[in-house]
Amino acid sequence: MKEEEKNKQTGSLNFLEQVITKDLEQGNTKGRVHTRFPPEPNGYLHIGHAKSICLNFGLANKYNGKCNLRFDDTNPTKESIEYVNSIKEDIRWLGFDWEDREYYASDYFDKLYEMARYLIKKGKAYVCEMTGEEIAAGRGTPSTPGKISPWRDRPVEESLDLFDRMKKGEFPDGSKVLRAKIYMASPNMHMRDPVMYRIMHARHHRTQDKWCIYPMYDWAHGQSDYLENITHSICTLEFEVHRPLYDWFLDNLDVKVNRPRQFEFARLNLNYTVMSKRKLLELVEGDYVSGWNDPRMPTISGLRRRGYTPASIRVFSEKVGVAKRENVIDMALLEHCVREDLNKNSERLMAVLDPVKLVIDNYPDDKTEILEGIRNPERPEQGHRNIPFSKTLYIERKDFMEDPPKKFFRLAPGREVRLKYAYIVKCENVVKDSAGNVTEIHCTYDPETRSGNSTKKVKGTLHWVSAGHAVEAEVRLYDRLFDVEDPTDLPEGGDFKDNLNPDSLQIIKGLVEPSVKDAKQGERYQFERTGYFCIDPDSKPGKLVFNRTVSLRDSWAKMHKK
RNA sequence: UGUCCUGUGGUGUAAUUGGCAACACGUCUGACUCUGGAUCAGAAGAGUCCAGGUUCGACCCCUGGCAGGACAACCA
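Residues numbered from 1 in each chain as written. Chains lettered and ligands numbered in written order. Predicted model: local features only at pLDDT ≥ 70, side-chain atom pairs only at ≥ 80, totals over all residues. Heavy atoms only, no water.

K.L.:
Pulling in residues and values, what's your account of the nonpolar core?
P.N.:
One finds Ile-47, Ile-91 and Phe-316 to be the most contacted residues of the largest nonpolar core, which totals 37 residues. Contributing elements (two or more residues each) for this core: helix H3 (47-62), strand S2 (66-71), helix H4 (81-94), helix H11 (300-306), helix H12 (310-320) and helix H13 (331-345). At six residues, H3 tops the list of elements feeding residues into this core. Formed jointly, this core draws a minimum of three residues from each of two domains, domain 1 (16-265) and domain 2 (270-347 + 473-559). Sequence-distant contacts of Ile-91, defined by excluding residues within four places in its chain, comprise Phe-37, Leu-45, Ile-53, Phe-57, Leu-69, Phe-96 and Trp-98. Judged by nonpolar contacts, the second largest core, of 35 residues, contains Leu-119, Phe-171, Tyr-246 and Leu-250. (Core = buried A, V, L, I, M, F, W, Y, C linked by side-chain atoms within 4.5 Å. Buried < 20%, exposed > 50% of the residue type's maximum accessible area, 1.4 Å probe, protein only. Helix = DSSP H or I, 4+ residues; strand = E, 2+ residues; numbered from the N terminus. Domains from an automatic or database assignment. Contact = heavy atoms within 4.5 Å.)

This is the structure:
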């Protein structure tokens, strides 16, 4: 485990830690802590899943327990091996290891089948032949009781026989189900004789054609927990009403020892984005983004491509906390977490994203100096990089103003400014095109002010690149995907996609220091005074492509907004 | 007009289980700075959904409200 996890404050415990601590003290789980992360392989993982992954693996780690990876693959029509693979990749990338405990609910289909027969024999389950619509209608509503199925009291032998023939594939999809026999008038809808098995003549990505009946979530999940000796089964709030059913199955299976218990916590919500699989899928399929791993997506693969680090996401998961109340986390917290990590761990670079030419009139025409830049001021031991300097440079267009406001510390006619790692220059005059745009800024430099040899102070320091040495790069500037805090807060008939930020991606050509010419995919840099960037997978030798992970905090821009 | 869950600064999470609310993000000052970054110092901001009650004392316990959320797939 990394440093930051070890250093987390241990002063107070979240409610799950309190439960576990108590269980451990009272010997309720024989000293064991065993959790699991149970994704359904029907989509890509997002930052909300990351919270759950960090929670489950983190708890196991903290209490010297184990955490299983278990795919909840009980619905073959929606699941596939591609999703299994992407999920495994994402969890590993986040830094967690399930060792040899990679399980699948489908591994337990035989056992589950036998357990279901046990319940039938006890008179606790029966084969029901109503149609789907009939079952739904018969279930009643939350405030009115349901109706008893005409098949509810059929003989055990008959249910056993039918269930066996369902398994053999003798009946068409939807013609029969196995239901638990509980209580049709329960105020809890999930206790109104829930379906345990449905008939689906579908090929499963692991069991192939072996089964034509598949267990439902409630039936499969709790029993899988039991079979894996899970102690604390942690899920999100919407499963709270399922807990009585979770316990009912265990009770009626006569599970006395090693009973898993379910606990629920509030899922993560982030402002300026959406988190539901359905909506994310809609963005992908409607080509609003380039795919699941579009750097604007809140998916793990999107954040990875965006340049987020695994550590920053782990720290974020720690900082958002765990509780039972609905919450919306500020995107600024996520951004703070990456900045903190990247500030410490990324090398600096000068890159000019919106170039304007700067000519030093009194600098020799053919001279090139090699200057030393610090790779990372936070880690001076990493040493220096070489930066070529010459008469003709490019600086950021917004670092020059002809008629600057009061607190503008950058370049303006007659003003002096330091070129980082180089000299102090003074603006003498500018050249404009016919439209009045500045095309060249002419300066003079003071040879005595070379970096390191001078103590002269000026208000501003600018980044720059040498015109003859800089390398061109494509830079993709990403911003938040939506321009409102809650994209799902809509007027009647509105669509969340109406809230998409039209400027969430801006592609520009920038100029970077030649030292990054051979940068490799995934490498992360801080462009000085600009932001954190990483090399996109689209980058090729000779054609650099950078993604902006997050901008630097910009107090100038901030004070200017007002 | 059902059942269950949840209400603490703008946001999120705490409060060692009854001793007048802490931390983080954000916001705002100031210092420092060859990144208007980082760092450092400081400030503002809640009296804990409301009303009663118990108690010397309540965010915490009790009663009653109110508000928000979840639940009626052969999805998970």
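K.L.:
Quick one: what's the story with the pattern of salt bridges, residue by residue and with numbers?
P.N.:
In this structure the tally under the stated criterion is 48 salt bridges. Of the charged contacts, one joins Glu-402 and Lys-432 as a salt bridge, the two residues approaching to 2.8 Å between their closest N and O atoms. With Glu-402 in the loop between strand S15 (392-396) and strand S16 (416-419) and Lys-432 in strand S17 (residues 424-432), this residue pair connects regions lying 30 residues apart in the sequence. You can call Glu-402 partly exposed: its relative accessible area is 41%. In this structure, Lys-420 engages Glu-528 in a salt bridge whose closest nitrogen and oxygen atoms are separated by 3.6 Å. Of this pair, Lys-420 sits in the loop between S16 and S17 while Glu-528 sits in the loop between strand S23 (524-527) and strand S24 (531-535), and the two are 108 residues apart along the sequence. Lys-420 gets classed as partly exposed once you look at its relative accessible area, which sits at 26%. On the basis of relative accessible area, Glu-528 is assigned to the buried category, the value being 8%. (Salt bridge = Lys/Arg side-chain N within 4 Å of Asp/Glu carboxyl O.)

K.L.:
Provide a residue-level description of the side chain of Arg-101, including the pertinent values.
P.N.:
Considering the arrangement of structural elements, one finds Arg-101 in the loop between H4 and strand S3 (102-104). Separated by 2.9 Å, the side chains of Arg-101 and Asn-68 make a polar contact. Of note is the side chain of Arg-101, whose polar atom sits 2.7 Å from the side chain of Glu-99. Not counting the four nearest positions on each side in its chain, Arg-101 is found in contact with His-34, Lys-66, Cys-67, Asn-68 and Leu-69. (Polar contact = N/O pair within 3.5 Å; in protein donor to acceptor, adjacent residues only side chain to side chain.)

K.L.:
Explain the sheet that holds strand S5 (residues 177-180) to me, and be specific about the residues and the numbers.
P.N.:
Taken in spatial order, the four strands line up as S4-S5-S6-S7 in an open sheet, and their pairing is antiparallel. The open sheet has two edge strands with one neighbour each: strand S4 (125-128) and strand S7 (213-215). The sheet shows a mean angle of 20° between the axes of neighbouring strands, taken without regard to direction. Sheet topology places strand S6 (residues 195-199) next to S7; three bridges connect them, and they run antiparallel. Looking at the pairing, Arg-198 lines up with Tyr-214 of S7. (Pairing = 2+ DSSP bridges. Axes fitted to C-alpha atoms, helices over the stretch in contact; angles between N-to-C directions.)

K.L.:
Just give me the short version of the protein's contact with RNA strand B, but keep the residues and values in it.
P.N.:
Near RNA strand B lie 74 residues; those nearest to it are Arg-325, Arg-348, Arg-410, Ser-451 and Gln-526. Here a base nitrogen of RNA strand B and a backbone polar atom of Gly-174 are 2.8 Å apart. Note that a base nitrogen of RNA strand B is positioned 2.8 Å from one of the backbone N or O atoms of Lys-407. Put simply, the parts of the chain that give the surface near RNA strand B at least two residues each are helix H6 (132-138), S6, H12, H13 and helix H14 (555-561). Residues that form the surface near RNA strand B fall into these classes: 27 nonpolar, 21 polar and 26 charged. (Near = heavy atom within 4 Å. Nonpolar A, V, L, I, M, F, W, Y, C, P; charged D, E, K, R; others polar.)

K.L.:
Explain the pairing of strand S1 (residues 34-37) to me, using residue names and the numbers behind them.
P.N.:
Neither face of S1 is exposed, since His-34 and Arg-36 on one face and Thr-35 and Phe-37 on the opposite face are all buried. With four bridges connecting them, S1 and S2 associate as parallel partners. Its bridge partner being in S2, Phe-37 is matched across the sheet by Leu-69. Following the backbone out of S1, through H3 and into the adjacent parallel S2, one traces a crossover that is right-handed. (Right-handed = clockwise from strand over helix to strand, strands pointing away.)

K.L.:
Could you give an account of the sheet that holds strand S11 (residues 351-352), naming the residues involved and the relevant values?
P.N.:
Sheet architecture is open: seven strands sit in the order S10-S23-S24-S25-S21-S22-S11, paired in mixed fashion. The sheet is open, and its two edges are formed by strand S10 (347-349) and S11, each paired on a single side. Across the sheet, H13 touches S10, S23, S24 and strand S25 (544-551), and the angle it forms with S25 is around 120°.

K.L.:
So what's going on with the side chain of Glu-513? Which residues, and what values?
P.N.:
Within the secondary structure layout, Glu-513 lies in the loop between strand S22 (505-512) and S23. What makes Glu-513 buried here is its relative accessible area of 1%. There is a polar contact of 2.7 Å between the side chain of Glu-513 and the backbone nitrogen of Met-350. A distance of 2.7 Å separates the side chain of Glu-513 from the side chain of Arg-385, its partner in a polar contact. Look past the residues within four positions of Glu-513 in its chain and what remains in contact with it is Leu-349, Met-350, Arg-385, Asn-386, Ile-387, Val-465 and Val-471.

K.L.:
Describe the environment of Thr-273, and please don't skip the residues or the numbers.
P.N.:
Its place among the elements puts Thr-273 in the loop between strand S9 (261-265) and helix H10 (277-285). Taking the C-alpha atoms as reference, Thr-273 lies 17 Å from Cys-337; in sequence the two are 64 residues apart. Setting aside anything within four residues of it in sequence, one finds Thr-273 in contact with Pro-298, Met-331, Phe-482 and Pro-487.

K.L.:
Got a sec to walk through the packing of helix H5 (residues 109-121) against helix H7 (residues 156-168)? Specific residues and values, please.
P.N.:
Across the interface, H5 lies against H7 with an axial gap of 9 Å and an inter-helix angle of 160°. Comparing the axis directions of H5 and H7 gives the class roughly antiparallel. The way H5 lies across H7 gives a crossing that is right-handed. From H5, Tyr-113, Ala-116, Arg-117, Ile-120 and Lys-121 reach across to H7, where they touch Val-156, Ser-159, Leu-160, Phe-163, Asp-164 and Lys-167. Looking at the contact of H5 with H7 residue by residue, the class counts come to six nonpolar, one polar and four charged. (Parallel < 35°, antiparallel > 145°, perpendicular 65-115°, else oblique. Left-handed = near helix turned anticlockwise from the far one by under 90°.)

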